[in-house]
Amino acid sequence: MLRRLYATPEQLAAYLGEPAPDGAERLLTRASEDVDSALLTAVYAVDEDGDPLDARVRAALADAVCAQVEHWLATGDDGTGGGIWDSVSIGPVSLSGRSGQQPAASGVELAPRAGRALRRAGLEPGMVWPW
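Presented here is a report on the structure given in the accompanying data block.

Parameters at a glance
Residues numbered from 1 in each chain as written. Predicted model: local features only at pLDDT ≥ 70, side-chain atom pairs only at ≥ 80, totals over all residues. Heavy atoms only, no water. Helix = DSSP H or I, 4+ residues; strand = E, 2+ residues; numbered from the N terminus. Contact = heavy atoms within 4.5 Å. Areas by Shrake-Rupley, 256 points an atom, 1.4 Å probe, with all protein chains shown as cover. Salt bridge = Lys/Arg side-chain N within 4 Å of Asp/Glu carboxyl O. Buried < 20%, exposed > 50% of the residue type's maximum accessible area, 1.4 Å probe, protein only. Core = buried A, V, L, I, M, F, W, Y, C linked by side-chain atoms within 4.5 Å.

Once that is clear, we can look at the overall build of the chain. Of the regular secondary structure elements, the chain holds four helices and two strands. Taken from the N to the C terminus, the helices and strands of the chain come in the order α-α-α-β-β-α. At a minimum sequence separation of 6, the contacts of the chain that also span at least 24 residues come to 62%. Within the structure as shown, the chain displays about 8000 Å² of accessible surface, and the carbon and sulfur contribution to it stands at 54%.

Below you can see the structure in the form of structure tokens.
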């Protein structure tokens, strides 16, 4: 399966205003997968490789991916869902309420800034076009 990255470690560093963290490419890959899942019904022009043709769409996807990673870094998540609790204890195990927002209809929990970047570009919520 082709893994598409919508942002580079260099773009992430520029977005964060600091050097990209260790494992940035892994985080960007996971965030790109989340953005892909959130956009299952989005309609936009792509080239033969599936990459967006419109520069505004490419920029929105990069911003959304970087915002997703920024959110994970701020909440202690690594893209696996481990940072979704507002309180955690290790022994004896204790978890408390979920933090963050409910997953979108796509089942993906996007960071608020990631969702806004997609909505500003007209990519979310997706629309189904009749044939």
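From this point, things continue past the structure.
Moving on: the pattern of salt bridges. The tally for this structure, following the rule as stated, stands at two salt bridges. For the salt bridge of aspartate 51 with arginine 4, the shortest nitrogen-to-oxygen distance reads 3.0 Å. Placement of aspartate 51 in the loop between α2 (24-38) and α3 (55-75) and of arginine 4 in the segment before α1 (9-16) is noted, with a sequence separation of 47 residues between them. Linking glutamate 70 and arginine 113 is a salt bridge whose minimum nitrogen-to-oxygen distance equals 2.9 Å. Taken together, the residues span a long stretch of sequence, with glutamate 70 in helix α3 and arginine 113 in helix α4 (residues 112-120) at a distance of 43 residues. When its relative accessible area of 41% is taken as the criterion, arginine 113 is described as partly exposed.

Our next topic: the nonpolar core. Val35, Leu61, Leu118 and Leu123 are the most contacted members of the largest nonpolar core, which totals 30 residues. Sorting the residues of this core by element identifies α1, α2, α3 and α4 as the ones contributing at least two each. Of the residues forming this core, the biggest block, 10 residues, is contributed by α3. In this structure, leucine 118 is in contact with Val35, Leu39, Ala60, Leu61, Ala64, Leu110, Leu123 and Glu124, ignoring residues within four places of it in sequence.

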